[in-house]
Amino acid sequence: MEEMLLHKKVGIPRAISYYNNYPFYYGFFTALGIEVVLSDKTTTKIINEGSSYVVSDTCLPIKVFTGHVVNLLNKGCDVIFVPSLQSTGFKINNCSKIRGLPEIIRNVINKPFTMIEPTLDKTENIGFHDFCMQIAEAFGITDSKIVKAAAKAGWKIYDDFLEMTQSGVPYKEALENALNGKVLKKSVDIVKPLSVVIMAHGYNLFDERISMNIIKKLEKMDVKVYTSLDVPPQKALSSIKQIGEIQYWANELELTGTAAYYLLNNKVDGIVALSAFGCGPDSLMVDEMSYHCKEKGMPLIHLTIDEHTGEAGFVTRLEAFVDMLMRKKRRQFVKKSENIKSADVVKLREAKILTGSVK
Ligand code: SF4
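The following refers to the structure shown. (Residues numbered from 1 in each chain as written. Predicted model: local features only at pLDDT ≥ 70, side-chain atom pairs only at ≥ 80, totals over all residues. Heavy atoms only, no water.)

1. Some details on the sheet that holds strand β5 (residues 92–93)
Right, so step 1: Here three strands make up an open sheet; going across it, the order is β5-β4-β7 and the pairing mixed. The strands lining the two open edges of the sheet, one partner per strand, are β5 and β7 (119–121).
Right, so step 2: Pairing between strand β4 (residues 84–89) and β5: two bridges, direction antiparallel. Along β5, the bridge assignment pairs Ser87 with Asn93. (Pairing = 2+ DSSP bridges. Helix = DSSP H or I, 4+ residues; strand = E, 2+ residues; numbered from the N terminus.)

Below, the structure is given as structure tokens:
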């Protein structure tokens, strides 16, 4: 960590942990009296800029993160938050790129700026309070009570956000309201002919440029979409255990846990796996889920994305999947009504026998 910072302003790249943790980060920094500056929303320019700094086989989310750091520097923000989230529980790890994010950024961006680079590593007993203290100390705040109070303010916004998303409020709306201190409840759940769950990291799914707005695209096709935000973490964890797997990756609840929850409850017609091209953890998790889906006859499509993914091909695959789900559902419906009809014929015949009208 650099020397104590006197100007209390921090830049947060709109990438990686931003998508799950920003309600907490915002509440925490603001309560400490530190102004938050966000990078712009992801654009093709940001992606291309980020890609130009790292080796080509780096996954898309890390390229995007790098692009957002450059975007903040271009805005004149020279104190940037780049956490190292090593493990979020005992031996519950993040991938090497997320663990080593400060090192990646330090090595690829050759410009003068200060990184706020706290470490969270529960396997090594570096817990959440230590993580918060490391951030605060970089700004000269060393009073543990002040830091605890700021963390409490962060959790309040985070919990409000979670309460809204779990009651069905869409991500963007929940985030906006939580940051403004409001809690909305979604009143009516619209019934659609088909439903799917998307298994994906928050940073892939809720970044509209990376995900190519997949949620809106599916909704336009009249499909109800569920995501990890609809599943309480404890339920995601117990679903992983129920399908006979263990949690190894920190974001496994968003992928395996979420998909397993809907698979076990038979609540959706299909599963969409959205992952970055070349992502090791995702390929393992998607493979695992493909196996379980095959056993239960649940359709699963795996869409991979990188900076070259074309929207037309992406939409075609999505449409073909939805079309297949619709045909499957129609077939099931026809079969069900035929079974009902033949059950009615049997009942009618029985009634005739009982009344003596059949010899
Ligand atoms: S989990 Fe996969 S997509 Fe995410 S940062 Fe690691 S390698 Fe990239």
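Having seen it, we continue.
2. Quick look at the packing of helix α1 (residues 18–31) against helix α8 (residues 171–179)
Right, so step 1: For the pair α1 and α8, the least separation of the axes is 10 Å and the interaxial angle reads 10°. On the basis of their axis angle, the class for α1 and α8 is roughly parallel. For the crossing formed where α1 meets α8, the hand is left-handed. When α1 is examined against α8, the residues Tyr18, Tyr19, Tyr22, Pro23 and Tyr26 are found in contact with a partner set consisting of Tyr171, Leu175 and Leu179.
Right, so step 2: Residue composition of the contact of α1 with α8, by class: eight nonpolar, no polar and no charged. (Axes fitted to C-alpha atoms, helices over the stretch in contact; angles between N-to-C directions. Parallel < 35°, antiparallel > 145°, perpendicular 65-115°, else oblique. Left-handed = near helix turned anticlockwise from the far one by under 90°. Contact = heavy atoms within 4.5 Å. Nonpolar A, V, L, I, M, F, W, Y, C, P; charged D, E, K, R; others polar.)

3. A short note on the site of the ligand
Right, so step 1: Near the ligand the following residues occur: Cys59, Pro61, Ile62, Cys95, Lys97, Ile98, His201, Tyr203, Ala276 and Cys279.
Right, so step 2: Sorting the residues of the shell around the ligand by element identifies α3 (60–74) and α4 (96–99) as the ones contributing at least two each.
Right, so step 3: Among the residues making up the shell around the ligand, the classes are represented as eight nonpolar, one polar and one charged.
Right, so step 4: Taken domain by domain, the shell around the ligand gets at least three of its residues from each of domain 1 (9–174) and domain 2 (194–325). (Near = heavy atom within 4 Å. Domains from an automatic or database assignment.)

4. Some remarks on the environment of Thr165
Right, so step 1: Positionally, Thr165 belongs in helix α7 (residues 144–166).
Right, so step 2: Spatially, the C-alpha atoms of Thr165 and Arg331 are 33 Å apart, while their sequence positions differ by 166 residues.
Right, so step 3: Sequence-distant contacts of Thr165, that is, excluding residues within four places in its chain, are made with Ala174, Leu229 and Asp230.
Right, so step 4: Among the polar contacts listed, one links the side chain of Thr165 to the backbone oxygen of Leu162, at a separation of 3.0 Å. (Polar contact = N/O pair within 3.5 Å; in protein donor to acceptor, adjacent residues only side chain to side chain.)

5. Remarks on the packing of aromatic side chains
Right, so step 1: In total, this model carries 18 aromatic pairs according to the counting rule given.
Right, so step 2: Between Tyr19 and Tyr171, the aromatic rings sit 6.3 Å apart at their centres with planes inclined by 35°, giving tilted as the arrangement. With Tyr19 in helix α1 and Tyr171 in helix α8, this pair connects stretches of sequence that are 152 residues apart.
Right, so step 3: Ring pairing ties together the aromatic residues Phe24, Tyr25, Phe28, Phe29, Phe81, Phe128, Phe131, Trp155 and Tyr158, which thus form one cluster.
Right, so step 4: The ring of Tyr226 carries Lys224 above its face, with NZ or CZ at 5.1 Å from the centroid. (Phe/Tyr/Trp six-rings, centres within 6.5 Å; stacked < 30°, edge-to-face > 60°. Lys NZ or Arg CZ within 6 Å of the ring centre and 35° of its normal.)

6. Here we look at the pattern of salt bridges
Right, so step 1: As enumerated under the stated definition, the model contains eleven salt bridges in all.
Right, so step 2: Taking the shortest distance from any N to any O, the salt bridge between Asp222 and Lys192 comes out at 3.9 Å. Pair noted here: Asp222 is in the loop between α10 (214–220) and β9 (223–226) and Lys192 is in the loop between α8 and β8 (194–199), with a separation of 30 residues, a long-range link.
Right, so step 3: Relative accessible area serves as the criterion here: at 25%, Lys192 is assigned to the partly exposed category. (Salt bridge = Lys/Arg side-chain N within 4 Å of Asp/Glu carboxyl O. Buried < 20%, exposed > 50% of the residue type's maximum accessible area, 1.4 Å probe, protein only.)

7. Focus on the state of the cysteines
Right, so step 1: For the coordinates displayed, the defined rule picks out zero disulfides.
Right, so step 2: You can see Cys77 has no disulfide; the closest cysteine sulfur is in Cys132, sitting 20 Å from it. (Disulfide = S-S within 2.5 Å.)

8. Comments concerning helix α2 (residues 44–53)
Right, so step 1: Along α2, the residues that are buried comprise Ile46, Ile47, Gly50 and Ser51. Seen end-on, α2 carries its buried residues on one side only, within an arc spanning 130°. With respect to the buried face of α2, the exposed residues turned more than 90 degrees away are Lys45 and Ser52.
Right, so step 2: The inward-facing, buried residues of α2 abut α3. (Arc of directions from axis to C-beta.)

9. Observations regarding the sheet that holds strand β10 (residues 270–276)
Right, so step 1: In space, the four strands of this open sheet follow the order β9-β8-β10-β11, with parallel pairing throughout. Looking at the sheet topology across the chains shown, the edges are occupied by β9 and β11 (300–305). Put simply, the sheet's adjacent strands are angled 25° from each other on average, direction ignored.
Right, so step 2: Across six bridges, β10 lies against β11 in parallel orientation.

10. Overview of the environment of Lys122
Right, so step 1: Along the chain, the position of Lys122 falls in the loop between β7 and α6 (128–138).
Right, so step 2: For Lys122, a relative accessible area of 37% puts it in the partly exposed group.
Right, so step 3: For Lys122 and Thr88, which are 34 residues apart along the polypeptide, the C-alpha to C-alpha distance reads 5.7 Å.
Right, so step 4: Beyond its immediate sequence surroundings of up to four residues, Lys122 is in contact with Ser87, Thr88, Gly89, Phe90 and Phe128.

11. What about the nonpolar core?
If you look at soluble globular proteins, the nonpolar side chains tend to sit buried side by side.
Right, so step 1: One finds Val10, Ile12, Phe29, Phe139 and Ile214 to be the most contacted residues of the largest nonpolar core, which totals 109 residues.
Right, so step 2: Both domains that furnish three or more residues to this core are identified here as domain 1 (9–174) and domain 2 (194–325). (Core = buried A, V, L, I, M, F, W, Y, C linked by side-chain atoms within 4.5 Å.)

12. Regarding unusual backbone geometry
Right, so step 1: Despite not being glycine, Asn125 has its phi angle at roughly 65°, a positive value.
Right, so step 2: Phi at Met212 takes a positive value of approximately 50°, unusual for a residue other than glycine.
Right, so step 3: Mapping Met212 onto the fold places it in the loop between α9 (202–205) and α10.
Right, so step 4: Note on Met212: relative accessible area 9%, which makes it buried.

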